[in-house]
Structures are given as C-alpha cells and as structure tokens.
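# Remarks on the overall topology
As a plain string of letters, each chain reads:
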Amino acid sequence: MHDLVIYARNTFGIAYPNGNEKEDVMKVIRPSVFLVGETKIVEQGLQGYLDHIGVPDWKTDAPSDAEKLCEVMGRLCYKSFEPGLNPNVTKVREGNRPYLQNVISVGHGSVLEHGYLNFIFADVSRVFTHELVRHRQGVGISQESLRYVRLESLSASIPTCIQENEVGMALFCKTMEQLEDVQRELADIYGIRDMKDFAVKKKLTSAFRRVAPIGLATNIGWSCNFRAIRHVIEMRTEPVAEEEIRLVFGQVFEIIRGRYPNIFGDYETEDVDGLPWVKTAHRKV
Ligand SMILES: Cc1cc2nc3c(=O)[nH]c(=O)nc-3n(C[C@H](O)[C@H](O)[C@H](O)COP(=O)(O)OP(=O)(O)OC[C@H]3O[C@@H](n4cnc5c(N)ncnc54)[C@H](O)[C@@H]3O)c2cc1C
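Everything numeric here is computed off the predicted structure, so don't read it as measured data.

## Details of the overall build of the protein
Along the backbone of the protein there are nine helices and nine strands. Evaluated residue by residue, the protein yields a buried proportion of 31% over its 285 residues. A separation of at least 24 residues holds for 74% of the contacts in the protein among residues at least 6 apart in sequence.

Below you can see the structure in the form of structure tokens.
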C-alpha cells in the first residue's frame, strides 16, 4: 500500500517499468522525513530563574529539553515547582511524564506550544505541500521555489491505486514524460539555458511551471510546536486523509514518539492499509 514510487527520468539508471529499454528510468522510493532541529534549554538561564523564585534545587526527569521546557512553562503558571512555593499549593505532581500527561488530559494545550521541532520533507509532491500549508497555527514553512528552481527533469510519487493497474501506470508515466518534454521545449524556445539576466530567467521559470504537474516531487521545510504537530498527526494519519500525507505523518510520528515519549505517551496506533492511524483520547489539546 505505502510504497509510493518516485518516477524520475534520466536520473537514477534503473529500468523503465514494463521492460522498456529506452533511456527513461524509474526508481522506487518513498518521500523522506528528516528531523533537523529541536528546542534546546539554556541551562544557565533556567537555573537563574529557579534561583530567582527560590527553588534552586528543582529537578525533573524529562527525557528531552523540549519536554523539560514545556514542564517549566506549565509549572510557572501556578508556581507548582514544590509544595508551599505558592501558599495555595500543598501538593505537586512529581515527574515530567505525569505532569505533561495531565496537561494533555485537561486540555491545557498552550503549554505544549513552547517545544518546537524542525523538519525537512524531501521528495514530497505539490499535492502534499498544498495540504500541509493548510495548517496555519504554530508552524513555520519554507518551500522550494519553482519560480527560482527550473524544472529540467520531473519526478513524482505515484499513488498505490495507480501502480496497481499496469495500463494506468503506463499512462501516468507517459504523461510525466510528455510534461517533462514540454519543460525542455519551452527552455529551447525561450533560450533560457544561455540566458544571463536572472530576472528574465526567473520570469520564464515561473511561467514554465504553470504546465508542470501538481504531482511533481519537491522539498519543504516545516517547523511546528508540539501542540500543532499533535493536531496535524491526528488529522493526517486518519484513514480518510490522502495516502502520501498519511505516509509522511506516519513517518513523523515514528521519529518523534520515542524521542519525546511524554508528549506522545497517550497515542496508540492502528494499522490501516499498511499505514499507521495515530489516535488518542485527548484530541486537539
Ligand atoms: C481528510 C481531509 C480532507 C480535507 N478536504 C478539504 C477540502 O476538500 N477542501 C478544503 O478546502 N480543505 C480540505 N481539508 C483541509 C481542512 O479543511 C483544513 O483546512 C486543514 O485540515 C487545516 O486544519 P485546521 O483548520 O484545523 O487548521 P490549523 O491551521 O491546523 O489550525 C489548528 C486549529 O486552530 C484553530 N484555528 C486556526 N485558524 C483559525 C482561525 N482563523 N480562526 C479560528 N480558529 C482557528 C482551529 O481550532 C484549528 O483546528 C481537508 C483536510 C482533511 C484532513
């Protein structure tokens, strides 16, 4: 189900499907997820704050800086670092996991906005990126520009339902080839390869992309806070979501569930058509 094929002509040196011997090539690959950054605590500053409020020895068992920071920001609200620091508080919840799981169960999702993750999604389609950018809250986005990056060769993920039909698959690949030829012909007609003026090249590159397929593979940088990523994982791994975005957010979940176990400890997964459906009783905190 989830082996999305990347069609890439003249790039990888692998035979074209259906035994075609010509120079066209095809590579079986999946869109890739890279976690490239995460929240880091400035220990000196945090210790300064703990000294300042009178709990210099406060410690936690958080497995990551991001989870520790969320706990600190949450405890700050009620001064619940230790009993008596706030005279109204006689008992505090000990430990990072119980603390964060309580935050999640009571729906104080804003506390989770302090932890940030940075991803690069590589070889995803513009179908995927169009869907991804609909998530507006708590995210940062940098998308490969097809105004600047000229399309010399096209590659695209091929959904399973297309792969399952040989005739449909051949038509899909042929169309890709034709669209790639269109890009090359336009480059010839307008002489863009020998052009020096970058402003004109940019204008032409932007014009050429209008006849590129929405399925072509591209790259996007995506940063988000824990609250936002929980919501997106819940929505985009549901079986009703599109195959590629389910695949990508299934990978995202696999990467982060063990790295931040106390933020994602309430999640369960169910396999549906070979992809994980990530579920929780505490949706959209
Ligand atoms: C299976 C599926 C099918 C879809 N089909 C379509 C479709 O056919 N057409 C289409 O246009 N879209 C479609 N979408 C996209 C969908 O409508 C949302 O735009 C997308 O999922 C973003 O989620 P979100 O609205 O929760 O926004 P996010 O940006 O992820 O926001 C998170 C939460 O913040 C709050 N919020 C965000 N912005 C505002 C605001 N401006 N005002 C008040 N509260 C806000 C909301 O509570 C929101 O749920 C589909 C999504 C899925 C998962």
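Once the structure has been displayed, the description carries forward.
## Focus on the site of the ligand
Around the ligand lies a shell formed by Arg-134, His-135, Arg-136, Gln-137, His-231, Met-235, Arg-236, Val-240 and Ala-241. Considering only residue class, the shell around the ligand consists of three nonpolar, three polar and three charged.

## Topic: the pairing of strand 4 (residues 116–125)
In this sheet, strand 4 lies alongside strand 3 (residues 32–38) in antiparallel orientation, the contact comprising six bridges. If you follow Phe-34 over to strand 4, its bridge partner there is Ile-120. Across eight bridges, strand 4 lies against strand 7 (residues 217–225) in antiparallel orientation. Across the sheet, Ile-120 pairs through a bridge with Gly-221, a residue of strand 7.

## Observations concerning unusual backbone geometry
Working note: non-glycine residues mostly have negative phi, and peptide bonds are mostly trans. Within the chain, Asp-123 stands out as a residue other than glycine whose phi angle is a positive 60 degrees. Structurally, the position occupied by Asp-123 is in strand 4. You can call Asp-123 partly exposed: it has 18 C-beta atoms within 10 Å. Here Lys-284, not a glycine, exhibits a phi torsion of approximately 45 degrees, which is positive. Within the secondary structure layout, Lys-284 lies in the segment after strand 9 (275–279). Owing to 11 C-beta atoms within 10 Å, Lys-284 belongs among the exposed residues under this scheme.

## Here we look at the pairing of strand 9
For strand 8 (residues 268–272) and strand 9, the ladder comprises five bridges, and the chain directions are antiparallel. Counterpart to Asp-271 in the pairing with strand 9 is Pro-276. In this structure, the hairpin formed by strand 8 and strand 9 is closed by a connection of two residues, where Asp-273 is found at a positive phi of approximately 55 degrees.

## Some remarks on helix 2 (residues 65–78)
Here helix 2 spans 21 Å end to end across 14 residues, near enough to the 20 Å set by a 1.5 Å rise per residue. Within helix 2 the residues assigned to the buried category are Ala-66, Glu-67, Lys-68, Leu-69, Cys-70, Glu-71, Gly-74 and Arg-75. A positive backbone phi angle near 50 degrees is found at Lys-79, which sits one or two residues after helix 2.

## As for the nonpolar core
If you look at the biggest cluster of nonpolar residues, it comprises 47 residues, and the most contacted ones within it are Cys-70, Ile-229, Ile-233, Val-248, Phe-249 and Val-252. Among the elements that take part in this core, helix 9 (residues 243–257) stands out by supplying seven residues, more than any other. Ignoring any residue separated from it by four or fewer positions in sequence, one finds Ile-229 in contact with Leu-117 and Cys-224.

So, how was this worked out
- Along every chain, residues carry numbers that run from 1 in the direction the sequence is written.
- Residues qualify for local features only when their pLDDT is at least 70, as the model is predicted, and side-chain atom pairs are given and counted only at 80 or more; totals for whole chains, interfaces and linings, by contrast, use all residues.
- Secondary structure elements follow DSSP: runs of H or I no shorter than four residues count as helices, runs of E no shorter than two count as strands, and numbering proceeds from the N terminus.
- A residue is called partly exposed when the number of other C-beta atoms within 10 Å of its own lies between 12 and 20, exposed at 12 or fewer, and buried at 20 or more, with C-beta atoms placed from the backbone.
- Throughout, a pair of residues is in contact if the C-beta atoms placed from their backbones lie within 7 Å.
- Nearness is defined per residue: the C-beta atom, placed using the backbone, must lie within 6 Å of the molecule or strand.
- Only Asp, Glu, Lys and Arg are considered charged in this grouping, and only Ala, Val, Leu, Ile, Met, Phe, Trp, Tyr, Cys and Pro are considered nonpolar; every other residue, Gly among them, is considered polar.
- Two strands qualify as a pair provided DSSP detects at least 2 bridges between them.
- Given a helix with a known number of residues, its expected span is that number minus one, times 1.5 Å.
- A set of buried residues qualifies as a nonpolar core if it consists of Ala, Val, Leu, Ile, Met, Phe, Trp, Tyr and Cys joined through C-beta atoms within 7 Å.

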